[in-house]
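Spelled out, the chains give:
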Amino acid sequence: MLRDAQARDRAAFIELFASPEVGAHLGGPRPRDELERAVPEVPGRRPGVFVVDLGAAMIGMITLDRRDAGRPGHVRPEAGEAELGYMLLPQAWGRGYAAEACAAVLDWYADASPGDPVLLCTRTANARALRLAVKLGFTEVERFEEYGAEQWLGVRRRTTRADAGASGSW
């Protein structure tokens, strides 16, 4: 299930950002003591942040934010495209939760903003993330260096589910 963040999710947010396994794909984990001081009582409380809930416990998060115009990788000259991001706790990896949650957020966004492209950026070394990007319908736009590693940028261009109809193009 996807839902808004709640105070009970604070420990899971800290675990997510402090996890060495998660951090390996994001430039390294953050120090737990720093997170304990910095993470608010109700973390992730803003539009575009969805908690992935399994059995009444947070197992990860999906984000849909505007890509900063100052960063490399855009498909529009004016930049500011929607960018999909996700992080799951390692115990939730490999079970299809990321695919299901990301697909739900992409479906919602396609209905809310038909025709808008969505970007996804990941390290090229993250083979699992690249497979998921392709499975979700992203196609490579470019590769570039950022955060000390080669990045893969993909775009997904979709219409609403109603427009896709029974063609199977969704």
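Residues numbered from 1 in each chain as written. Predicted model: local features only at pLDDT ≥ 70, side-chain atom pairs only at ≥ 80, totals over all residues. Heavy atoms only, no water.

What follows concerns the packing of aromatic side chains. This model, assessed by the stated rule, comprises two aromatic pairs. Note on Phe50 and Trp108: the rings are 5.8 Å apart at their centroids and 65° apart in plane angle, and the pair reads as edge-to-face. Here the residue Phe50 occupies a position in strand β2 (residues 49-54), and Trp108 occupies one in helix α4 (residues 97-112), the gap between them amounting to 58 residues. A residue is classified by how much of its surface remains accessible, and Phe50, at 18% relative accessible area, is buried. Ring centres of Trp108 and Tyr109 lie 6.3 Å apart, and the angle between their planes is 50°; on these two criteria the pair is classed as tilted. Trp108 sits in the partly exposed class, given a relative accessible area of 46%. Overall, Tyr109 belongs to the buried group, its relative accessible area being 6%. Taken together, the ring pairs in this structure connect Phe50, Trp108 and Tyr109 into an aromatic cluster. (Phe/Tyr/Trp six-rings, centres within 6.5 Å; stacked < 30°, edge-to-face > 60°. Helix = DSSP H or I, 4+ residues; strand = E, 2+ residues; numbered from the N terminus. Buried < 20%, exposed > 50% of the residue type's maximum accessible area, 1.4 Å probe, protein only.)

Below, the discussion takes up the pairing of strand β5 (residues 118-123). A large share of β5 lies buried, amounting to six of its six residues. Alternating residues of β5 divide into Val118, Leu120 and Thr122 and Leu119, Cys121 and Arg123, and every residue in both groups is buried. Sheet analysis places strand β4 (residues 82-88) next to β5, joined by three bridges and oriented parallel. Within β5, the position partnered with Leu84 by the bridge is Leu120. Once you follow β4 into α4 and on to β5, the crossover reads as right-handed. Two elements, β5 and strand β7 (residues 149-156), share six bridges in a ladder whose sense is antiparallel. Looking across to β7, one finds that Leu120 is bridged to Gly154. (Pairing = 2+ DSSP bridges. Right-handed = clockwise from strand over helix to strand, strands pointing away.)

This next bit is on unusual backbone geometry. Positive phi outside glycine occurs at Ala56, with the angle close to 70°. Structurally, Ala56 is set in the loop between β2 and β3 (57-66). The exposure class of Ala56 is exposed, given its relative accessible area of 53%. Not every positive phi belongs to a glycine, and Tyr147 is a case in point at roughly 55°. Mapped onto the secondary structure, Tyr147 falls in the loop between β6 (139-146) and β7.

For α4, built from 16 residues, the straight-helix expectation of 22 Å at 1.5 Å per residue is met to within 8% by its first-to-last C-alpha distance of 23 Å. Taken together, the buried positions of α4 are Ala98, Ala99, Ala101, Cys102, Val105, Leu106, Asp107, Tyr109 and Ala110. (Expected span 1.5 Å × (residues − 1).)

This part takes up the sheet that holds β6. Within the open sheet, the seven strands sit side by side as β1-β2-β3-β4-β5-β7-β6. Their pairing is mixed. Each edge of the open sheet is held by one strand with a lone partner, namely β1 (2-3) and β6. Helix α1 (residues 10-18) rests against β2, β3 and β4 of the sheet, and its axis sits at about 70° to β3. Across the sheet, helix α5 (residues 127-135) lies against β4, β5 and β7, angled at about 160° from β5, the strand it touches most. (Contact = heavy atoms within 4.5 Å. Axes fitted to C-alpha atoms, helices over the stretch in contact; angles between N-to-C directions.)

In short, the description is geometric, and any link to function would need to be established separately.
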